[in-house]
Amino acid sequence: MVDAVGAVLSAFLQVLFDRIARQEVIDFFRGNHLDEALLEKLMMLLLSVTTVLSDAEEKQFIDPLVKEWVDKLKNAAYDADDLLDEISTKTLQDKMASGLHTTLNQEPKAFSTSAFAGAAPLYFS
């Protein structure tokens, strides 16, 4: 049971680390003039926590302070995951808004098929 719980949390932290390292998160920090050094610190902290987690997972059943730390770590990991979801959603919304703005400003394109040969072309924007 201990190994399964530790494996799940370790895997979750690895997913968080991978998500933080994505280009879209880095671009979000740059685009919003946020401190990239803070992002680097977060990545280092996740690496450090992942390193000591396996030992802590075993000790949490003996030491209540370690259990409290593991529980707080889990909650912090879930909060970080929620934040990364918000960043991903914001990035997608910005891309969609940018694409819509670009599409609305483009010249209309002619649409014609062989069924309408000889007819005036239809325009869509």
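See the structure printed just above.
It should be emphasised that the depicted structure is a prediction, and the values quoted were computed from it without experimental measurement.

Cut-off values and rules
Residues numbered from 1 in each chain as written. Predicted model: local features only at pLDDT ≥ 70, side-chain atom pairs only at ≥ 80, totals over all residues. Heavy atoms only, no water. Buried < 20%, exposed > 50% of the residue type's maximum accessible area, 1.4 Å probe, protein only. Helix = DSSP H or I, 4+ residues; strand = E, 2+ residues; numbered from the N terminus. Arc of directions from axis to C-beta. Lys, Arg positive; Asp, Glu negative; His and termini not counted. Salt bridge = Lys/Arg side-chain N within 4 Å of Asp/Glu carboxyl O. Expected span 1.5 Å × (residues − 1). Bend = angle between axes of the 7 residues up to and from the residue. Contact = heavy atoms within 4.5 Å.

A.B. asks: Would you take a moment to explain helix α2 (residues 23-31) for this structure?
C.D. replies: Given 3.6 residues per turn, any residue in an α-helix points the same way as the ones three and four places further on. Those residues of α2 that fall on the buried side of the exposure criterion are Val25, Ile26, Phe28 and Phe29. Relative to the axis of α2, the buried residues are bounded by an arc of 155° and lie together on one face.

A.B. asks: What exactly am I supposed to notice about the side chain of Glu57 here?
C.D. replies: By the element assignment, Glu57 lies in helix α3 (residues 36-59). Buried and without a salt bridge, Glu57 has Lys74 as its closest oppositely charged side chain, separated by 5.0 Å.

A.B. asks: Please explain the pattern of salt bridges as it appears in this structure.
C.D. replies: Oppositely charged side chains can pair when the atoms bearing their charge come close. Going through the model one piece at a time under the given rule, you end up with 5 salt bridges. Two residues, Arg19 and Asp85, come together in a salt bridge whose shortest N-O distance is 2.7 Å. Residue Arg19 is found in helix α1 (residues 2-20), and its partner Asp85 is found in helix α4 (residues 64-104); the two are separated by 66 residues along the sequence. Owing to a relative accessible area of 12%, Arg19 belongs among the buried residues under this scheme. Of the charged contacts, one joins Asp71 and Lys67 as a salt bridge, the two residues approaching to 3.1 Å between their closest N and O atoms.

A.B. asks: Hey, could you run me through α3 in this one?
C.D. replies: For α3, with 24 residues, the first-to-last C-alpha span of 34 Å sits near the 34 Å given by 1.5 Å per residue. The principal kink in α3, of about 45°, is found at Leu53. The set of residues buried in α3 consists of Leu39, Met43, Leu46, Val49, Leu53, Ala56 and Glu57.

A.B. asks: Where do I start with the environment of Leu9 in this structure?
C.D. replies: Of note, Leu9 is situated in helix α1. Overall, the relative accessible area of 6% leaves Leu9 in the buried class. Placed 44 residues apart in sequence, Leu9 and Leu53 show a C-alpha to C-alpha distance of 8.4 Å. What Leu9 contacts, discounting residues up to four positions off in sequence, is Leu53, Glu57, Val70, Leu73 and Lys74.

Just geometry here; none of it tells us what the structure is for.
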